[in-house]
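Each chain, written out:
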Amino acid sequence: MSGTRRHTALPKAQTLVEALPWLTRHHGKTVVIKFGGNAMVDEELKAAFAQDVVFLRHAGLKPVVVHGGGPQISAALDRHGIVSEFRAGLRVTTEDAMDVVRMVLAGQVQRELVGLLNRHGPLAVGLTGEDAHTITAVKHTPEIDGTPVDLGRVGQITALDTGAIEALLADGRIPVVSSIARSEDDGHVYNVNADTAAAALAAALGAETLMVLTDVEGLYEDWPRSEEVISRLTATQLEKLLPELSSGMAPKMQGCLHAVRNGVRTARVIDGRVQHSILLEIFTDEGIGTMVVPDSAEGASS
């Protein structure tokens, strides 16, 4: 019996040993994870995500979770009889819609995520960008074909104060941040793109890694003609590709570019439809998404 037991346990030991160099490399480092897409609505994926984040925390990393809530916001707006409209890839957010956005993000999505993480111990603490001036924004007015577009309460980040997040990390907690910002100039709040918020926080925290969960395998080489995923590219290579990207992928890749241009060592877009994709990406050779590195890292190992 003992021989059989020894044999069946061996692969587990080998897996742990394989992870050792990554555990050593990432120990004590901050990792910002943007939670979104399918991983946010599928019960099994949600549970696996929570396990992964708690594993990172117990493995000596400092995870910070940033989330939006597109599907949940759309459903809640429908229930309130408010039409969802998107322009320039962003949700038009009226004052009425903003109340719903805030309620859904801080009162529903964040609460559920905090609850899933806290099944594993007193770890997660939820906050929004409003708390302790974490994220400050002004009105964002993009241009379409040279014409300014009014998106309502959609914000552009102007300042970050990471004091509250850093205090939580120092206390061994897992901050869960909703992508709502305080206004710099009018006492209201803004809806900010969660990909953009995650990237800005990663840079401000001096994070080792930004990980963005999405519903595709990564950045495709020549979509839709090819399903070949680009596994690694530099900031300059990414910058050249940005104008061609879809409206959904653009803010994610712009966020990755911002992160690596501002001190984050690697930024990765990974497939949130794969259970435990975070652990696969951080602790294995294969990597399962697209990794962006600073230009200075070209030729260096991941």
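This write-up is about the structure you can find in this document. Worth saying up front: this structure is predicted, and the values here are computed from it rather than measured. (Residues numbered from 1 in each chain as written. Predicted model: local features only at pLDDT ≥ 70, side-chain atom pairs only at ≥ 80, totals over all residues. Heavy atoms only, no water.)

What follows concerns the nonpolar core. Residues I33, F35, F49, V65, L117, L213 and I278 are the most contacted members of the largest nonpolar core, which totals 42 residues. Those elements giving two or more residues to this core turn out to be α1 (2–26), β1 (30–35), α2 (43–58), α3 (70–79), α4 (95–118), β10 (174–178), β13 (209–214) and α9 (277–283). Ranked by the residues each element gives to this core, the list is headed by α4, at 11 residues. In this view, V65 contacts I33, F35, F49, V53, L113, I174, P175, V176 and V177; residues no more than four positions away in its chain are not counted. Of all hydrophobic cores here, the second largest spans 40 residues; its members include A202, V212, L219 and V260. (Core = buried A, V, L, I, M, F, W, Y, C linked by side-chain atoms within 4.5 Å. Buried < 20%, exposed > 50% of the residue type's maximum accessible area, 1.4 Å probe, protein only. Helix = DSSP H or I, 4+ residues; strand = E, 2+ residues; numbered from the N terminus. Contact = heavy atoms within 4.5 Å.)

Structurally, E281 is set in helix α9. Within polar-contact distance, the side chain of E281 engages the backbone nitrogen of G289 at 3.4 Å. (Polar contact = N/O pair within 3.5 Å; in protein donor to acceptor, adjacent residues only side chain to side chain.)

Here we take up the sheet that holds strand β6 (residues 135–139). Either a parallel or an antiparallel arrangement is found when strands of a sheet pair, and the pairing is made through backbone hydrogen bonds. With mixed pairing, the four strands of this open sheet are ordered in space as β9-β6-β11-β12. Looking at strand neighbours, the two that pair on one side only are β9 (155–160) and β12 (189–191), the edges of this open sheet. When the angles between neighbouring strand axes are averaged without regard to direction, this sheet yields 50°. Two strands pair when backbone bridges link them, and strand β11 (residues 180–183) and β12 are joined in this way by three bridges, in the antiparallel orientation. Within β12, the residue paired with I180 across the bridge is N191. Strands β6 and β9 of the sheet are contacted by helix α6 (residues 194–205), whose axis makes an angle of about 15° with β9. (Pairing = 2+ DSSP bridges. Axes fitted to C-alpha atoms, helices over the stretch in contact; angles between N-to-C directions.)

Turning next to the pairing of β6. Most of β6 sits out of view: four of its five residues are buried. Note: β6 against β9, five bridges, orientation antiparallel. Residue pairing in the sheet places I135 in a bridge with L160 of β9. For β6 and β11, the ladder comprises two bridges, and the chain directions are parallel. What sits directly across from T136, in β11, is R182.

An order of β5-β10-β2-β1-β13-β17-β18-β16 is seen for the eight strands of this open sheet, with the pairing classed as mixed. Here the strands that pair on one side only, and so sit at the sheet edges, are β5 (124–128) and β16 (232–234). Strand-to-strand twist of the sheet, defined as the mean angle between neighbouring strand axes without regard to direction, takes the value 20°. Pairing between β1 and β13: four bridges, direction parallel. What sits directly across from V31, in β13, is T209. Across the sheet, α4 is in contact with β1, β2 (62–67), β5 and β10; its angle to β5 comes to roughly 165°. The strands that α6 touches are β1, β2, β10 and β13; relative to β1, the one it contacts most, it runs at about 175°.

A few words now on α6. With 12 residues, α6 extends 16 Å from end C-alpha to end C-alpha; this agrees with the ideal 16 Å at 1.5 Å per step. Burial analysis of α6 places 10 of its 12 residues in the buried class, which makes it a mostly covered element. Those residues of α6 that sit buried are A194, D195, A197, A198, A199, A200, L201, A202, A203 and L205. For α6, the N-terminal capping position is held by N193, with its side-chain oxygen 2.8 Å away from the main-chain nitrogen of D195. Following α6 by one or two positions, G206 has its phi on the positive side, about 65°. (Expected span 1.5 Å × (residues − 1).)

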